[in-house]
Amino acid sequence: MDLKDDIIANIGILENYCWLPKRAEQQLGLSTKSFKEDEFGMELRYNLIKNKLLMLGVKDVVDLGGNCGYFSFQMLDENIVRKAWVYDNDIDVLNFGNKVANYLGLQDHISFIEKSLSLNNINELPEVDLVLCLNLIHHAGVSFDVDIVEKMGWSKYATDFLKILRKKYRIAIIGVGFKKFRPIKWSVPRRLKPIYFSKIANQAGWKVVYDANIEDLSFIGERLANGRKTKKTPYIFILETIYRFVGYRAANIISKIFEKLFSTKHGKNKLVNYHIYILQ
Ligand SMILES: C[S@@+](CC[C@H](N)C(=O)[O-])C[C@H]1O[C@@H](n2cnc3c(N)ncnc32)[C@H](O)[C@@H]1O
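Small disclaimer: the values here were computed from a predicted structure and weren't measured. (Residues numbered from 1 in each chain as written. Predicted model: local features only at pLDDT ≥ 70, side-chain atom pairs only at ≥ 80, totals over all residues.)

Asker: With reference to specific residues and values, describe the overall build of the chain.
Answerer: Secondary structure summary: the chain contains eleven helices and seven strands in total. Expected size for 280 residues packed as a compact globule is a radius of gyration near 19 Å; at 19 Å, the chain falls within 12% of this value. Along the first, second and third principal axes, the C-alpha set of the chain runs to 65 × 40 × 35 Å. Counting all 280 residues of the chain, 40% fall into the buried class. Taking all contacts inside the chain whose residues are at least 6 apart in sequence as the whole, residues at least 24 apart take part in 71%. (Helix = DSSP H or I, 4+ residues; strand = E, 2+ residues; numbered from the N terminus. Rg over C-alpha atoms; globule rule 2.2 N^0.38 Å. Buried ≥ 20, exposed ≤ 12 C-beta atoms within 10 Å, placed from the backbone. Contact = placed C-beta atoms within 7 Å.)

Asker: Which residues make up the packing of helix H1 (residues 3–11) against helix H5 (residues 91–104), and what values go with them?
Answerer: As a packed pair, H1 and H5 sit with axes 10 Å apart at the nearest point and diverge in direction by 140°. Put simply, H1 runs oblique to H5. Relative to H5, H1 is oriented so that their crossing is left-handed. Contacts between H1 and H5 pair Leu-3, Lys-4, Asp-6, Ile-7 and Asn-10 from the former with Phe-96, Lys-99, Val-100, Asn-102 and Tyr-103 from the latter. Of the residues in the contact of H1 with H5, the class split is five nonpolar, two polar and three charged. (Axes fitted to C-alpha atoms, helices over the stretch in contact; angles between N-to-C directions. Parallel < 35°, antiparallel > 145°, perpendicular 65-115°, else oblique. Left-handed = near helix turned anticlockwise from the far one by under 90°. Nonpolar A, V, L, I, M, F, W, Y, C, P; charged D, E, K, R; others polar.)

Asker: Outline the domain arrangement of the chain, supporting the account with residue identities and numerical values.
Answerer: Along its sequence, the chain is organised into domain 1 (1–34 + 66–115) and domain 2 (38–63 + 117–280). Taking only C-alpha atoms, the centre of domain 1 and the centre of domain 2 are 25 Å apart. Each partner contributes residues to the interface: domain 1 has 21 residues there, and domain 2 has 18 residues. At the level of elements, helix H4 (70–77) and strand S2 (83–88) are the ones that each hand at least two residues to the side of domain 1 that touches domain 2. (Domains from an automatic or database assignment.)

Asker: I'd love a proper account of the packing of helix H10 (residues 234–245) against helix H11 (residues 248–262), names of residues and values included.
Answerer: Between H10 and H11, the shortest axis-to-axis distance is 7 Å and the interhelical angle comes to 150°. Relative to H11, the element H10 is oriented roughly antiparallel. On the side of H10, the interface is formed by Tyr-235, Leu-239, Ile-242 and Tyr-243, while H11 contributes Tyr-248, Ala-250, Ala-251, Ile-254, Ser-255 and Phe-258.

Asker: Mind laying out H5, listing which residues take part and the relevant values?
Answerer: Helix length check: H5 (14 residues) gives 20 Å between terminal C-alpha atoms against 20 Å at 1.5 Å per residue, within 8%. Taken residue by residue, H5 has Val-93, Leu-94, Phe-96, Gly-97, Val-100 and Ala-101 as its buried positions. Burial along H5 is one-sided: seen end-on, the buried residues are contained in an arc of 160°. At its buried positions, H5 is contacted by H1, helix H2 (22–28), H4, S2 and strand S3 (110–114). (Expected span 1.5 Å × (residues − 1). Arc of directions from axis to C-beta.)

Next up, the structure:
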């Protein structure tokens, strides 16, 4: 099978995070969307990253849990970075990424590295100016670093993780899923999770320069989505007070009732569970 047929045969089989970069789609005459649903907002997240990075003059990127390299490929093709290192522990998506790299002639600019990332080894990663860590860290305690998260709790874990990244990188783009049971070992009411993650980033020495819920991004755009879920409104103040003095469960119940009554949700889609932070 030649490279082209191989890519076409595998794109539909691999998971929904495995997305073809635009140039590959054009050259192959296909769209990834005709094979799978864009349930994680691949293009939406990429466009935001591109717009935010254009001004910041980055050179190289390390992509943690980067799957088959969609974000890195796009950044290389749009001259946002010169070199990318994509780390993942799934050999199938890495092999696919390597095939796409060869097909696009980018094999000298992108490296796919099989590695089981952990709090214990992220300080060994290449020291460049930008790190992407999209939709990985909320899986800590479940699919990796189970013992460490069990011992220290997710809040301390995430703080230590971001502290290590802070020492190595000038800019970090972090995607986090705030779900009912994720991150585990982190008893924060769901509505407060985006705010508490900002606090974690600050404690680790980062400044949050942009943050948005991904569903907000898709419905109201980059400017209006910025900080919408991390703003200190009177409602958030009341919720935080209940959380502090009455407890996690009470705050969760009240926020559920409040959001049912005054919901501004745009519909039921997975994107509402995900948040993106740009840290400097
Ligand atoms: C939820 S997907 C996110 C993919 C991509 N970053 C994105 O946001 O579109 C998580 C990725 O991290 C990888 N992964 C999970 N645990 C990992 C670990 N401990 N070390 C390296 N990769 C890991 C998975 O194989 C998967 O490709």
